[in-house]
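Observations on chain architecture
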Protein chains: 2
Amino acid sequence: MSGPHPPHVPAYRRLTVDERRAQLIATALRLFARHAPEDVSLDDVAQLAEVSRPLVYRYFPGGKQQLYEAALQQAAERLSACFDVAAEGPLSERLGYGLDRYLAFVREHGEGFSALLRGGSVVETAHTTAIVDGVRRSAAQAVLGHMHVRRPGPWLRVAVRAWISSVEAMSLISLDEGELGLAELRDYLVDLLVGQLMVTSAHDRQTARVLRAAAELEPPDGRVATLLERAAHAVATEPGGS
Amino acid sequence: MSGPHPPHVPAYRRLTVDERRAQLIATALRLFARHAPEDVSLDDVAQLAEVSRPLVYRYFPGGKQQLYEAALQQAAERLSACFDVAAEGPLSERLGYGLDRYLAFVREHGEGFSALLRGGSVVETAHTTAIVDGVRRSAAQAVLGHMHVRRPGPWLRVAVRAWISSVEAMSLISLDEGELGLAELRDYLVDLLVGQLMVTSAHDRQTARVLRAAAELEPPDGRVATLLERAAHAVATEPGGS
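Just so it is clear, the model here is predicted, and its values are computed rather than measured. (Residues numbered from 1 in each chain as written. Chains lettered and ligands numbered in written order. Predicted model: local features only at pLDDT ≥ 70, side-chain atom pairs only at ≥ 80, totals over all residues. Heavy atoms only, no water.)

Focus on the pattern of salt bridges
Summed over all chains, the structure comprises 10 salt bridges over all chains. With a closest N to O distance of 3.0 Å, R186 of chain A and D100 of chain A form a salt bridge. Linking R186 of chain A in helix α8 (residues 182-201) with D100 of chain A in helix α5 (residues 91-118), this pair joins segments that are 86 residues apart in sequence. Exposure remark for D100 of chain A: the relative accessible area of 31% places this residue in the partly exposed category. The shortest N-O distance in the salt bridge between R53 of chain B and D43 of chain B comes to 2.3 Å. Taken together, the positions of R53 of chain B in helix α3 (residues 53-59) and D43 of chain B in helix α2 (residues 42-49) put the pair 10 residues apart, joining distant regions of the chain. (Salt bridge = Lys/Arg side-chain N within 4 Å of Asp/Glu carboxyl O. Helix = DSSP H or I, 4+ residues; strand = E, 2+ residues; numbered from the N terminus. Buried < 20%, exposed > 50% of the residue type's maximum accessible area, 1.4 Å probe, protein only.)

A short note on helix α1 (residues 17-34) of chain B
With 18 residues, α1 of chain B ought to run about 26 Å at 1.5 Å a step, and its terminal C-alpha atoms sit 26 Å apart, in line with that. If you check which residues of α1 of chain B are buried, you get R20, L24, I25, T27, A28, L29, L31, F32 and A33 of chain B. (Expected span 1.5 Å × (residues − 1).)

Overview of the UniProt feature "DNA-binding region" (unreviewed entry) in chain A
Per the UniProt annotation, the sites labelled "DNA-binding region" (unreviewed entry) are residues 41-60 of chain A. Across residues 41-60 of chain A one finds 75% helix and 0% strand; the C-alpha atoms that close the span lie 13 Å apart. (UniProt positions renumbered as here; feature names shortened; annotations may be inferred.)

Here's the deal with the packing of α8 of chain A against helix α8 (residues 182-201) of chain B
When two helices pack together, you describe them by how their axes are tilted relative to each other and by the distance separating the axes. Taken N-terminus to C-terminus, the directions of α8 of chain A and α8 of chain B make an angle of 135°; their axes are 8 Å apart at the nearest point. Classed by the angle they form, the pair α8 of chain A and α8 of chain B counts as oblique. As for how α8 of chain A packs across α8 of chain B, the hand of that crossing is right-handed. Of the residues in α8 of chain B, those touching α8 of chain A at Y188, D191, L192, G195, Q196, M198, V199 and T200 of chain A are Y188, D191, L192, G195, Q196, M198, V199 and T200 of chain B. By residue class, the composition of the contact of α8 of chain A with α8 of chain B is eight nonpolar, six polar and two charged. (Axes fitted to C-alpha atoms, helices over the stretch in contact; angles between N-to-C directions. Parallel < 35°, antiparallel > 145°, perpendicular 65-115°, else oblique. Left-handed = near helix turned anticlockwise from the far one by under 90°. Contact = heavy atoms within 4.5 Å. Nonpolar A, V, L, I, M, F, W, Y, C, P; charged D, E, K, R; others polar.)

Quick word on the confidence of the model for chain A
All names here are of chain A. When pLDDT is averaged along chain A, the result is 81; 81% of the residues meet or exceed 70. Across residues 1-7 the pLDDT falls below 50, and counting only partners more than four positions away or on other chains, this stretch makes six contacts in the model. Confidence drops under pLDDT 50 across residues 237-242; counting only partners more than four residues distant or on other chains, this segment forms five contacts. (pLDDT = per-residue confidence, 0-100.)

The following block contains the structure:
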């Protein structure tokens, strides 16, 4: 757009409007992944996408805020799709697979979005907050779907939401501290859900049914079966019980 | 300050600087408790405190942002003090008592601060985020203190932080939905910690020790003992085990 490209830059290809838009959003995602939103400018996007600044503004007349929201929206769609995994096999495997995708995305795009999830970001608005809430809601929906629950009562809803908040908090903490590896963290988060369902079962029959049905699909010597057994023994200070 | 008061307003009492500051912060807290920060003005504070607007500005030259941060700081100190309860008796009772205070505070001051915890508030800055993070850190510290843990390993730190994030998420959800009563929510949150410690015990010996020591102080027919027993049975689809 602004004169001939230097020789090392690929020649300008005429993209469709949708392709160009997608290219700019993808470029923005890469930048927001590595830098806090306040440190990213439209110039950076133009430079990395090898287009002119006016072109970026033509697609995103609302400036950085609009570009950021578009990038966040795309990230939200990808995050929401994490738990869209085949509805077969043990629950722990499905969620483990979903968590692998979720944690990989957070690790890859973490810097930028963790600022947003943590709050205090300059680009944060009621709209961005709604996008982030939407991811939480669709993750909860997907988890309940894998449990074959169409009408969750308050206890099961609360248990799943408590788990989603733990997943989010843990993935942010793992970005900061990095003491636990991704596979270790994934297994722990699956275990955490099992633990939350166990205690919720003591309050709620629907949750107990869901947990029993899920436990029946677990391989008898698999992680979850072992966990349930170990958890029962972790506190066995005396033989008692029944 | 601005001429004689109308008859129905109490006569002006000369407060010390600290008293006046405390009065204005207390007034601000009451306002921020019922309204989103964007809907509170310094005029409202002046009117409710029955002082002139210039007086409010003299104490808070930074305007609403400064007043908000002072109010948030005080709220944070009160929230951080919630788990400063007597270091005796079963862990579940201590935490239950701390949770009663925490949940009562959130219920009383919820509207305003939930906007902040949720993000997207106009008064949110890196500074307010740091204050909120400080509450999380001191809550985690207090919980570890009640567990008599001075050097938590990564697993125990992660378990306690996961619990704090659940407490926060659940208290916000309860503001929105109000399906669970405060006492029910408190008991559930204690149970959730027990569940999280159970599953973390399967990964980590320090956590297993902490849970065993805590379980020994629980009354044998109390909530937690019953929970541990019920949880073990919630998934007992076959006799096997041990």
